[in-house]
Every structure is written in C-alpha cells, then in structure tokens.
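What follows is each chain in one-letter form.
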Amino acid sequence: MTQPVQIRRVSDSPPTIASVNLEWLPLLASALTAAERGWPVIPLHPGSKRPAGHAERACPRTGRCTGGHRTPEERATTDPELIHAAWAHRPYNVGIATGPAGLLVIDLDPVKSEEPEGAPDGATSLQALCERAAQVLPDTYRVRTARGEHLYFTAPTGVRLKCSVDRLGPHIDTRAWGGYVVAPGSTTPDGAYEIACDAPVAELPGWLAVLLTQPDRPAPVPVRVHDGTRAARVALERECAVIAAATDGGRNSTLHKSACKVARFVAWGDLPRDVAEQAIQGAGEATGLPPAECRTTIRSALDWVIAHATPREAA
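Residues numbered from 1 in each chain as written. Predicted model: local features only at pLDDT ≥ 70, side-chain atom pairs only at ≥ 80, totals over all residues. Heavy atoms only, no water.

**Here's the deal with the sheet that holds strand β3 (residues 41-44)**
Pairing is antiparallel across the open sheet formed by three strands, whose spatial order is β3-β4-β10. Every interior strand has two partners, whereas the edge strands, β3 and β10 (180-182), have only one. Averaged over neighbouring strand pairs, the angle between their axes works out to 35° when direction is ignored. Together, β3 and β4 (93-97) form the strand contacts of helix α1 (residues 25-36), whose direction differs from that of β4 by roughly 15°. (Pairing = 2+ DSSP bridges. Helix = DSSP H or I, 4+ residues; strand = E, 2+ residues; numbered from the N terminus. Axes fitted to C-alpha atoms, helices over the stretch in contact; angles between N-to-C directions. Contact = heavy atoms within 4.5 Å.)

**Let's talk about the confidence of the model for the chain**
Parts of the model with low pLDDT should not have their predicted coordinates read in detail. Taken over all residues, the pLDDT of the chain has a mean of 85, while the share at 70 or more is 87%. In the model, residues 1-18 has pLDDT below 50 throughout and makes 35 contacts with residues more than four positions away in sequence or in other chains. (pLDDT = per-residue confidence, 0-100.)

**Observations regarding the pattern of salt bridges**
Tallied over the entire structure, the rule returns seven salt bridges. One salt bridge in this structure joins R273 and D303, with 2.7 Å as the shortest N-O distance. Taken together, the positions of R273 in helix α9 (residues 273-286) and D303 in helix α10 (residues 291-307) put the pair 30 residues apart, joining distant regions of the chain. Owing to a relative accessible area of 29%, R273 belongs among the partly exposed residues under this scheme. When salt bridges that share partners are traced, they join R273, E277 and D303 into one network. (Salt bridge = Lys/Arg side-chain N within 4 Å of Asp/Glu carboxyl O. Buried < 20%, exposed > 50% of the residue type's maximum accessible area, 1.4 Å probe, protein only.)

**What to know about the side chain of T174**
By the secondary structure assignment, T174 is in strand β9 (residues 172-175). A polar atom in the side chain of T174 sits 2.5 Å from the side chain of S164. With residues up to four places along the chain from it excluded, the contact list for T174 reads L104, V105, I106, K162, C163, S164, L168 and L212. (Polar contact = N/O pair within 3.5 Å; in protein donor to acceptor, adjacent residues only side chain to side chain.)

**Some remarks on the nonpolar core**
One finds W39, V41, I83, W87, I96, L103 and Y152 to be the most contacted residues of the largest nonpolar core, which totals 28 residues. For this core, the secondary-structure elements that each account for two or more residues are α1, β3, α3 (80-89), β4, β5 (103-108) and β10. Per element, the largest residue contribution to this core is five residues, and it comes from α1. Those residues in contact with I83, other than ones at most four positions away along the chain, are L28, A31, L32, A35, V41, T77 and T78. Core analysis: the next-biggest nonpolar cluster, separate from the first, contains 23 residues, F265, A279, C294 and A301 among them. (Core = buried A, V, L, I, M, F, W, Y, C linked by side-chain atoms within 4.5 Å.)

**Thoughts on the packing of aromatic side chains**
One pass over the full model with this rule turns up five aromatic pairs. Aromatic pair W39 and Y141: ring centres 5.9 Å apart, planes at 65°, arrangement edge-to-face. On the criterion of sequence distance, the pair formed by W39 in the loop between α1 and β3 and Y141 in the loop between α5 (122-133) and β6 (142-144) is long-range, its members being 102 residues apart. Accessibility classification places W39 together with Y141 in one group, the buried group. In textbook terms, an aromatic cluster arises when at least three aromatic residues are bridged by ring pairs, as seen for W39, Y141 and Y152. Positioned above the aromatic ring of Y141 is the side chain of R37, whose terminal nitrogen or guanidinium carbon lies 4.7 Å from the ring centre. Of note, R160 hangs over the ring of W177, and the distance from its end group to the ring centre comes to 3.8 Å. (Phe/Tyr/Trp six-rings, centres within 6.5 Å; stacked < 30°, edge-to-face > 60°. Lys NZ or Arg CZ within 6 Å of the ring centre and 35° of its normal.)

Given below as structure tokens:
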C-alpha cells in the first residue's frame, strides 16, 4: 500500500498538516503551481472534466452557499491551505478558472467522427484564420490536451471576455469568464493533459481581441420561397443556408458561388430574379457582410450567369 506523505504549510497561523497520497502529489503540485501564478483553481472529479461539488439545482443553500449557490468560478481559490485540504481528500483533477485568472485560453478541438472527410480541425482552422488576417501568433504557454491543445493568453485589461464556441472558426473555442480549463497533470479517459510549451503567457493579440468583441451576427432567418418551381425553391433555400454558415474569410466567395448556382434557375425561367436577389441578400447580410457588398456580388453573379446561359440551358 502506498504510504501517505505529510505536507506542512508554514504561515502566521498554526501549521496545517494534510495527509496526501504519494500518487496524488502531481495533481497537488499542479494545483499549487497554478495558484502560484495567480490562477484560481477548482477541483474536478477524479479522471473527469466535471467540477466537483453540487450543481445549482441540488444546492442546499447552506454552508458556503448560505447566501446563494456559488458557481465553480466563484469557488476557485489560490489559497494553499484550501488546496492542500482538497487534494488530501481525493485525487481531483485540476481546473483553472480562466476569468478570475485573467486568462483567455484558445481551445483547439479535433474533428468529430460524424463530420465529412476533409473537415478542418481546430489547429487547421486557426492557421487559416491567421493566414487570412496576415498575422502570426506569438509564442505562449501551451498545454497538450487529451484531444487537442490549449493556447494560454492574458486577457486584455478593461474587457470582460466571455467563453465562445466556434466564433473564431470551426473547432476553435475560447475559455474566459464563465469557464475553466483542465490544467496539466490531469488525466481523463481520453488521455493526459501535459505542458507542450512552457513559454511565458503572451498577451492576447489585439486582432483576436477585436474578433472576440465584435457584436454577434444576427441569427439567419430560414428562407421559405413560394415563387418558382419546386426544384428552384429547394435550391435557393439550400444555397441561402450555405451562405449563412460561411465563416469570415470565405463569406464573399461563398456568396458569389451560391448566387451563381441559383442564377441558373433564374436564367431558365424557373425562379423570379427579384425573389432570388431578396433571399440571397438576406442570407449574405446575416453573415455580417455590408448590404452594398452583398448587392454588388449578387448582381454580378446573376448578370454573368444569365448572360452566358446557352440556348439549351435557357430553354
């Protein structure tokens, strides 16, 4: 049987002694290292990414929750005595509360099994984002996760960034206020979390901060077309959905390609031009493209396809 080790903390108050299993020491060390950096930590269930403690729906409203349920973010701490006490009790994984830590962590995830072949993973999406912006990310502290990678940045002052999902691109999430990340030293059934680059934590580049603080796009309104043949209506609705799902760097090109596809039905007389223009315009604006840019792109695509339609196609 593994023997416990005694850890003593020296403070102004009487020494606190916690009995910690030797096998749990890496987890305790991870929690203390994060706390020394000023990053508040929370215990996660052993072998899991779920915070320990009760959920809000099961809150007893007693003890630390007497004044109301305290979220994991609110319970996060840098107090070594509390950390010793927690990790002496169980081999908790370690969570870092990113908001209170002043961090913005970019979480790069893999492609899901149900996605089509060739779909970009988080690392590929981030590289494409940097190329479109003509920017290079600075070296920073990185953690290899069980399925991807975490890139740590210090959050900009005066801005309360929140977590995001796919805002920067497919499989790129961010963790800030309202979230947490699993710290290195932790292990889940998918694998271990390990330091990939122990560089100092860099400041979040300004161009990324701008992308994360821009107003959210308006939710696209599903297109329902009543004029034209059934095939033309289905094609227009499908292409509007494709346009609305386009990412920042490919919005205009996607708009042009989809408008060209719909233009064939206009050329064939299966769909009124004004109906096609109105629907595609709405889908383009839903991506955040300026109205004038949408109109120019749509008219260019429709004019070219209609002018070059062969007699057989137009018949």
